[in-house]
Amino acid sequence: MVTISKKKFKQSFESKMYSIYVHSIEEATNEQLLNVLSSVIKDIISKKWTDTRLSCEKEVYYFSIEFLMGRQLRSNLLNLDIEESIRAALNEMGIDLDELIEAEGDPALGNGGLGRLAACFLDSMSCLNISGHGYGIRYKYGLFEQKIVNGYQVEVPDNWLTQESYIWETVRPNKAIVVKFEGDVYLAEQNNKLKVYHKNYIPVMAMPYDIPIIGYHNECINTLRLFKSEVINRDFGPVTSNARNYYGSYEDALKYKYYTEEISQVLYPNDSNYAGKLLRLKQEYFLVSAGIQDIVRKYKKNKLNILDLWKNVAIHINDTHPTLCIPELMRILLDEEGLSWDEAWDITKNTISYTNHTIMAEAMEKWPVEMMKKLLPRIYMIIEEINRREMQELNYKYNDYQKVQRMSIINHENISMANLCIIGSHSVNGVAKLHTELLKNEVLNDFYEHEPYKFNNKTNGIAHRRWLISCNEDLSDLITELIGDRWKKDTLELKKLEKYKEDSKVLDKLSTIKYNNKKRLADFIKKEYEIEINPNSIYDVQIKRLHAYKRQLLNVLHILHLYHELLENPNFDMEPRTFIFGAKAAPGYYLAKCIIKLINSVATKINNDDRIKNKIKVVFVENYGVSLAEIIIPAAEVSEQISTTTKEASGTSNMKFMMNGAITLATLDGANVEIHEQVGDENIILFGLKASQVLNYNKYGGYSSLDLYNSNRYIKRVVDDLINGFIPNMSNEGRAIYDSLITYNDEYFVLRDLENYIEAQRKINKLYKKKEEWNRISLINIANSGIFSTDRTISEYARDIWFKGCEMNGEYNKI
């Protein structure tokens, strides 16, 4: 922890203001004040950041294509335990800390659950005194900034780097790395060994930018290192001596500049065309090559034996995007360190572990062989040899052509990243119990039968410091008042709250906190969208990436059902409802963008219909991200976790809502299964197909959405709304959604689950009328949410994967 006197802080703040902006505090804007404050905090932690030396036997390196960090000021002040002293000092200077917290923007380094999980993992590693660092890309524009124009999603660049720098980053030009693309690779014998030559390649500079990841009330400060792609000066040195002549002419220089800089421009470029696919592959190799080179360089600087790399380093692949860590580490060990194939392969497999995040076929990346050959010729050679050796072993063991082909890395002129991950790592984990069982028994069954010891489950979690202590202060304070503050470091202590489940005074306090959070959200929505919502209505929330399997469409069809019921019967028995959505759709995902248009068109119609007397309001929150979630989640009362069973690997918004007292309305999918296990039947609302039913439909058929449409008047009514003009300005989009449900037989079983979902919503309505019972269930959910902290998740990764077989000295051994 850090201590700093008010006097010294004020002196540092004023001095920094003059050194950066050459004017007084009184003349400064909030953005300038924020920049100065972050600079002072970085000065405070700089020596500790540099000097951090932990007793862990290994360092962990976590590779992820995205890190959805959120604002850092409040989090850093909380973790350093200096918020109150800084607030007091700023107040004496006439500066409002809350205004500076609001002035900070969200870094556009991620999109959804994958990136948010990665950020939570880094937080927990620091808080558990694990020497664990992240590697990612410093995107200039992120995914995109979402604008809603006439109900449509419009993507504009997210210009988050407004001053070409981020307030928490430190650039490290002396640690820049060269990544090589394309060119000619050949092998020649030298001193009775094969030597690899790579010529005419295109060199790209990976410039590292470091962000501190500060542990909670401890001495640990880890690093998130992000790489920016830059051109290389022609005088850079011997590293570029075999490179292509990219400065041959002015036109060549411009092409080279564009080639390099586009790599770190945007997250997830549209891969519906060849150029987009190629750019994605460039990004993935740029990340892993820069990161792996950096790891090996640091390792060798400490004069450690390269043969012992796996004993001192753990490299973790977050989904398939960083898969090329495997052949890249092989390349360095073979070509630069001179190891034999068997030595390099043993080190690589024992160093690298892999988390699978999906069973969706389209999300398990595959790259065309010809694309890989041209862009990464040496990497392709290594992948080809890994596959040749693996197939030789499998053919000998099984003598089953079909099985071996399914397990092949190279198949039908495509390279399977998931297969390479499994073959090239020592651990493969799913992210929820159901998801892991589906991997073992369905999706990756061939690999599980071959090497069952590799497979394990690590259910996801959330960083409770951000998602409860920081974003819901009043609830955090109430919990501390009731059970003490040990829960802040050990969330299993939250279980002690259950002894208050019959205490009406505690339940009233809980209700008051929820109401105040709802009022705050209502004020925000009124200010931003000019929509008035009732704080006494049920806040029913679905905020997550827009994908058909997440079934925002199911939610909207239910809203239309309620609307019809109110129009037919103005005395229809329902508590006032506010339905809140937040979601981005991938730019090339037409159906998802149609659903966004549907939500907004339904909102416009319902919100302006006086006949229903404000019984329903629908709000679509534009450009959903971490900071918006921090306002919405504490106010939510119903947590919509309604994905098609078997499709959601885990989910983490379900855990955030639960920890803030929302009641989960869910299918038994992903981590919902484990939430149900924690709270029991009485404290969660379940509906929908079971996993076995979905798997049977997928294998054997038997589902007809058309039959349901024709036989159920309620289903027919809301589906017809899509194409009969009932919803204005939806002719094309409505037809596309209608076709997905009827013409193409409703791939995600929306109509199959709709009637059951409507009944589940009736239960919500009925339960909300019994306020004390509702509050009791809310408290029980909070009390049982502790197991879903990432501190528990990271402890399991450390124990079972990264430090398995090592003496465990860290805080993670205590969870």
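Note that this is a predicted model, so its numbers are computed, not measured.

Rules behind the numbers
Residues numbered from 1 in each chain as written. Predicted model: local features only at pLDDT ≥ 70, side-chain atom pairs only at ≥ 80, totals over all residues. Heavy atoms only, no water. Core = buried A, V, L, I, M, F, W, Y, C linked by side-chain atoms within 4.5 Å. Buried < 20%, exposed > 50% of the residue type's maximum accessible area, 1.4 Å probe, protein only. Helix = DSSP H or I, 4+ residues; strand = E, 2+ residues; numbered from the N terminus. Contact = heavy atoms within 4.5 Å. Phe/Tyr/Trp six-rings, centres within 6.5 Å; stacked < 30°, edge-to-face > 60°. Polar contact = N/O pair within 3.5 Å; in protein donor to acceptor, adjacent residues only side chain to side chain. Pairing = 2+ DSSP bridges. Axes fitted to C-alpha atoms, helices over the stretch in contact; angles between N-to-C directions. Right-handed = clockwise from strand over helix to strand, strands pointing away. Salt bridge = Lys/Arg side-chain N within 4 Å of Asp/Glu carboxyl O.

Ranked by internal contacts, the top residues of the largest apolar core, which has 155 residues, are Phe-13, Met-372 and Trp-802. For this core, the element with the most residues is helix α8 (residues 274-301), which contributes 10 residues. Apart from residues no more than four positions distant in its own chain, Met-372 is found in contact with Leu-281, Leu-324, Trp-367, Pro-377, Ile-379, Tyr-380, Ile-383, Ile-415 and Met-417.

What follows covers helix α3 (residues 73-80). When you tally the buried positions in α3, you get 8 out of 8 residues, the bulk of the element. Of the residues flanking the end of α3, it is Asp-81, one or two places downstream, whose phi is positive at about 60 degrees.

Tallying each qualifying case throughout the model produces 20 aromatic pairs. Where Phe-181 meets Tyr-259, the ring centres are 6.3 Å apart and the plane angle is 70 degrees; that geometry is what we call edge-to-face. Of the two residues, Phe-181 is situated in strand β6 (residues 177-181) and Tyr-259 in helix α7 (residues 250-261); the sequence distance between them amounts to 78 residues. Since its relative accessible area comes to 0%, Phe-181 is described here as buried. On the accessibility criterion, Tyr-259 (13% relative accessible area) is buried. Considering the side-chain rings of Tyr-563 and Phe-726, the 5.9 Å spacing of their centres and the 50 degrees angle between planes classify their relative orientation as tilted. With Tyr-563 in helix α21 (residues 552-568) and Phe-726 in the loop between α28 (713-720) and α29 (731-743), this residue pair connects regions lying 163 residues apart in the sequence.

Structurally, the position occupied by Ser-627 is in helix α23 (residues 626-632). Polar contacts involving the side chain of Ser-627 include one to the side chain of Arg-71, which spans 3.1 Å. Sequence-distant contacts of Ser-627, that is, excluding residues within four places in its chain, are made with Arg-71 and Asp-106.

On to the sheet that holds strand β23 (residues 685-686). A sheet is described by the order of its strands in space; here 6 strands give the open sequence β20-β19-β18-β21-β22-β23, paired in parallel fashion. Of all the strands in the sheet, the pair left with one neighbour each is β20 (616-621) and β23. Across 4 bridges, strand β21 (residues 638-641) lies against strand β22 (residues 663-666) in parallel orientation. Each bridged residue has a counterpart across the sheet, and for Val-638 the counterpart in β22 is Ile-663. Contacts between α21 and the sheet are confined to β18 (538-543), β19 (577-582), β20 and β21, with β19 contributing the most and set at about 155 degrees to the helix. Where helix α22 (residues 590-607) meets the sheet, it contacts β19 and β20, and its direction lies at approximately 140 degrees from that of β20.

With respect to burial, β19 is a largely interior element, 6 of its 6 residues being buried. Residues Arg-577, Phe-579 and Phe-581 point to one face of β19 and Thr-578, Ile-580 and Gly-582 to the other, with burial holding for every one of them. With 6 bridges connecting them, β18 and β19 associate as parallel partners. Among the inter-strand pairings, Asp-540 is bridged to a residue of β19, identified as Phe-579. With α21 bridging β18 and the parallel β19, this β-α-β connection has right-handed handedness. Two elements, β19 and β20, share 6 bridges in a ladder whose sense is parallel.

The next point concerns the pattern of salt bridges. Under the definition given, this model contains 67 salt bridges. For Arg-74, the salt bridge identified is with Glu-83, shortest N-O distance 3.1 Å. Of the residues examined, Arg-74 reaches a relative accessible area of 16% and is grouped as buried. Here Arg-331 makes a salt bridge to Glu-336, at a shortest N to O gap of 3.0 Å. When its relative accessible area of 14% is taken as the criterion, Arg-331 is described as buried. The class for Glu-336 is partly exposed, based on a relative accessible area of 49%. Taken together, the salt bridges that share partners define one network made up of Arg-172, Asp-210, Arg-225, Asp-294, Arg-297 and Lys-298.

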